[in-house]
Amino acid sequence: MLNNIGLPGLLLIAVVVLVLFGRGKISSLMGEVGKGITAFKRGVKDGSEEIENADDTVARDITPEAEKDKV
């Protein structure tokens, strides 16, 4: 269905959207989309750093020496 939309069709859609919403509304919407993309990238970066830091923590045996001898 979408394979048949060419450049003239896309231009027509863009003009209709511009007429319906106006330039100001579209620019504010694109600004919000940009902020969302930035927040997503920051979240992915923070998540990957958290995973890398989790690999650095190694499990240690904290059983007292007297208890280890009994086992």
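As annotated in an unreviewed UniProt entry, the protein carries the name Sec-independent protein translocase protein TatA and comes from Meridianimarinicoccus marinus. UniProt annotates the protein under Subunit (unreviewed entry) with the comment "The Tat system comprises two distinct complexes: a TatABC complex, containing multiple copies of TatA, TatB and TatC subunits, and a separate TatA complex, containing only TatA subunits. Substrates initially bind to the TatABC complex, which probably triggers association of the separate TatA complex to form the active translocon." Under the Sequence similarities (unreviewed entry) heading, UniProt states for the protein: "Belongs to the TatA/E family."

A.B. asks: Describe the overall build of the protein, and please don't skip the residues or the numbers.
C.D. replies: In terms of helices and strands, the protein carries two helices and zero strands. Residue burial in the protein is summarised as follows: out of 71 residues, 0% are buried. Only carbon and sulfur atoms are counted for the fraction: they give 64% of the accessible area of the protein, which is about 6800 Å².

A.B. asks: Residues and numbers for the UniProt feature "transmembrane region" (unreviewed entry) in the protein, please.
C.D. replies: According to UniProt, the feature "transmembrane region" (unreviewed entry) maps to residues 6–22 in the numbering used here. For residues 6–22, the helix share is 94%, the strand share is 0%, and the end-to-end C-alpha distance is 24 Å.

A.B. asks: Outline the pattern of salt bridges, supporting the account with residue identities and numerical values.
C.D. replies: In this structure the tally under the stated criterion is one salt bridge. Salt-bridge contacts for Glu-32 lead to Lys-35; the nearest nitrogen and oxygen are separated by 3.9 Å. With a gap of three residues between them, Glu-32 and Lys-35 both fall in helix α1 (residues 7–56), about one helical turn apart.

Parameters and conventions
Residues numbered from 1 in each chain as written. Predicted model: local features only at pLDDT ≥ 70, side-chain atom pairs only at ≥ 80, totals over all residues. Heavy atoms only, no water. UniProt positions renumbered as here; feature names shortened; annotations may be inferred. Helix = DSSP H or I, 4+ residues; strand = E, 2+ residues; numbered from the N terminus. Buried < 20%, exposed > 50% of the residue type's maximum accessible area, 1.4 Å probe, protein only. Areas by Shrake-Rupley, 256 points an atom, 1.4 Å probe, with all protein chains shown as cover. Salt bridge = Lys/Arg side-chain N within 4 Å of Asp/Glu carboxyl O.

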